[in-house]
Amino acid sequence: MGETFDFILVGAGGSGAVLASRLAHTAAAPGILLVEAGPANEDAANLSGAERFNVAFAPDSPLNWGYKTTPQKHASNLEIDYSRGRGLGGSTAINFCAWTVGPRDDYDEWADMVGDDRFGWRNVRRVLKRIENLRPKIPAQDLRKHLHPEIANHSASGNVDLSYMEEWLPSAEDNWVAAEQCGHRLNPDVNSGDPIGFGIASVCIADGVRATSASAYLSRPPSNLKILTGAPVARIFFDQKRAIGIEIVGGVKFQARNEVIISGGALNTPQILMLSGVGPASELKKHNIPLVYDAPMVGHNLQDHCFSSTGIVLRNDS
């Protein structure tokens, strides 16, 4: 049996890295183990936004698990790319850098649905201010009349550096002009809680370097936070129905005095739970996995936004 910690967190992505850091810096200073299946990504830590993008989506990228969907019958059995970030930072290491927080009405509706005001916009806004370090300066002079976020709606003291990019195409303002000519409302700050209208969000880039949850929260971990990379989790083990530890591939086990927290993202969290016996009983039975807890919704109802690119080709003599 390996070491014992107060908390074990599995997955060092956008949630796991932040939660591990927050717990480690509490007054109680609990002993925390943060386990990540991927590498430390130290060589990628200081890549610029463009450089990291190129590395992330290159064949056999060290930053990308390179997942594919099962063949889609409605699309000639096409396997669709389902990229997921690999290593410290998780998918924050390979996303498109945009920082968007969504409309206040969505959060308030979720709060009503679950009967908990903590999910509402008022509390979410407070939490986001603990994260954001917004640099509100707009480098492109032509865009300053279109982009002017109120710093009171944000924060300049959080861990994640945000900016409005340092370089813009000379024709960038044409987008706002065209939107206004078409009758659209112009929105100077789509992250204010009101996203309606034509505008642009800030990005997780500052001084040419893109931020990840790892670089923002794990760059100087305290002594009570141990980070273990290259350690995929084989299963969670239980005392009856209480999770008490994990076993990583290779057989080493770690125990948790208080909690085991699984933060493996939308795909790997249900995978780990089901391999550990938590999930739909009928599905686990197919694979001879001993049932710990019948949770029918684990592994179901994944929803994702679509992504597509659009271009306009103009005649040279137009």
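Nothing here was measured: the structure is a model prediction, and the numbers come from that model.

Comments concerning the domain arrangement of the chain
Domain boundaries assigned for the chain yield domain 1 (1–95 + 211–317) and domain 2 (104–203). The interface is formed by four residues belonging to domain 1 together with five residues belonging to domain 2. Summed over both sides, the interface of domain 1 with domain 2 buries roughly 420 Å², with 51% coming from carbon and sulfur. In terms of surface lost to domain 2, no three residues of domain 1 exceed Arg-22, Ala-216 and Tyr-217, which account for 80% of the buried area on that side. Across the contact surface, domain 1 and domain 2 share two residue pairs in polar contact (both at pLDDT 80 or more). When the residues that make up the side of domain 1 that touches domain 2 are grouped by side-chain class, the tally is three nonpolar, no polar and one charged.

Points about the UniProt feature "domain: Glucose-methanol-choline oxidoreductase N-terminal" (unreviewed entry) in the chain
UniProt feature "domain: Glucose-methanol-choline oxidoreductase N-terminal" (unreviewed entry): in the numbering of this structure it lies at residues 85–108 and 265–279. The annotated region residues 85–108 carries 21% helix and 8% strand content, and the separation between its end C-alpha atoms amounts to 30 Å. The span residues 265–279 carries 73% helix and 13% strand; its end-to-end C-alpha distance comes to 16 Å.

Digging into the pairing of strand 10 (residues 233–239)
With six bridges joining them, strand 10 and strand 11 (residues 242–248) adopt antiparallel strand pairing. Residue pairing in the sheet places Phe-238 in a bridge with Ala-243 of strand 11. Remark: two residues form the turn of the hairpin made by strand 10 and strand 11, two consecutive strands paired antiparallel; Gln-240 in that turn has positive phi of roughly 60 degrees.

Some details on helix 4 (residues 121–131)
Among the residues making up helix 4, those that are buried are Trp-121, Asn-123, Val-124, Arg-125, Leu-128 and Ile-131. The secondary structure elements touched by the buried residues of helix 4 are strand 3 (98–99), helix 3 (104–114), strand 4 (132–134), strand 5 (160–162) and helix 6 (213–217).

Description of a nonpolar patch on the surface
Together, Trp-110, Met-113, Val-114 and Phe-119 give the surface a local cluster of nonpolar side chains, amounting to about 470 Å² of exposed area. Here Phe-119 shows up in the loop between helix 3 and helix 4. The partly exposed category is assigned to Phe-119, whose relative accessible area is 46%.

Quick look at the sheet that holds strand 2 (residues 32–35)
Pairing within the open sheet is mixed, and its six strands lie in the order 9-2-1-12-11-10. At either margin of the open sheet sits one strand with a lone partner, and together these are strand 9 (225–228) and strand 10. Here the average twist between neighbouring strands, direction ignored, is 40 degrees. Sheet topology note: the strand 2/strand 9 ladder contains four bridges and is parallel. Along strand 9, the bridge assignment pairs Leu-34 with Ile-227.

With respect to the packing of aromatic side chains
Under the counting rule described, the total for this entry stands at nine aromatic pairs. Plain terms: the ring middles of Phe-57 and Phe-96 are 6.0 Å apart, the flat faces sit at 15 degrees to each other, and that makes the pair stacked. Of this pair, Phe-57 sits in the loop between helix 2 (49–56) and strand 3 while Phe-96 sits in the loop between helix 2 and strand 3, and the two are 39 residues apart along the sequence. For Phe-96, a relative accessible area of 46% translates into the label partly exposed.

So, how was this worked out
- Every chain begins its residue count from 1, and numbering advances along the sequence as written.
- Confidence filtering applies because this is a predicted model: local features only for residues at pLDDT of at least 70, side-chain atom pairs given and counted only at 80 or more, and all residues used for totals across whole chains, interfaces and linings.
- Side-chain calculation: all heavy atoms of the structure are included, whereas hydrogens and water are not.
- Domain delimitation in this document rests on an assignment produced automatically or drawn from a domain database.
- We call two residues in contact whenever any of their non-hydrogen atoms come within 4.5 Å of each other.
- Accessible-area loss on putting two parts together, using a 1.4 Å probe and summing over both, is the definition of buried area adopted here.
- Nitrogen and oxygen atoms within 3.5 Å of one another constitute a polar contact, given that in protein one can donate a hydrogen and the other can accept it, and given that sequence-neighbouring residues count only through two side-chain atoms.
- Classification convention: Asp, Glu, Lys, Arg as charged; Ala, Val, Leu, Ile, Met, Phe, Trp, Tyr, Cys, Pro as nonpolar; all other residues, Gly among them, as polar.
- UniProt positions are given in the numbering used here, feature names are shortened, and annotations may be inferred rather than shown by experiment.
- Helix and strand definitions follow DSSP, with helices as H or I runs of at least four residues and strands as E runs of at least two, each counted in order from the N terminus.
- In this description, strands pair whenever DSSP reports at least two bridges between them.
- Three exposure classes are used, based on accessible area relative to the maximum for each residue type with a 1.4 Å probe and protein chains only: buried under 20%, partly exposed in between, and exposed over 50%.
- Patches in this entry comprise residues that are over 30% relatively accessible and not in a salt bridge; like charges within 9 Å are linked, as are nonpolar side chains (Val, Leu, Ile, Met, Phe, Trp, Tyr) within 5 Å.
- Residue-level accessible areas treat just the shown protein chains as cover; the underlying method is Shrake-Rupley with a 1.4 Å probe.
- Each reported salt bridge corresponds to a side-chain nitrogen of Lys or Arg within 4 Å of a carboxyl oxygen of Asp or Glu.
- Axes here refer to lines fitted to C-alpha atoms; in helices the fit is confined to the stretch in contact. Angles between the N-to-C directions go from 0 to 180 degrees.
- Each pair of aromatic rings taken from Phe, Tyr and Trp, with Trp reduced to its six-membered ring, is defined by centres within 6.5 Å and is described as stacked if the planes are under 30 degrees apart, edge-to-face if over 60, and tilted in the remaining cases.

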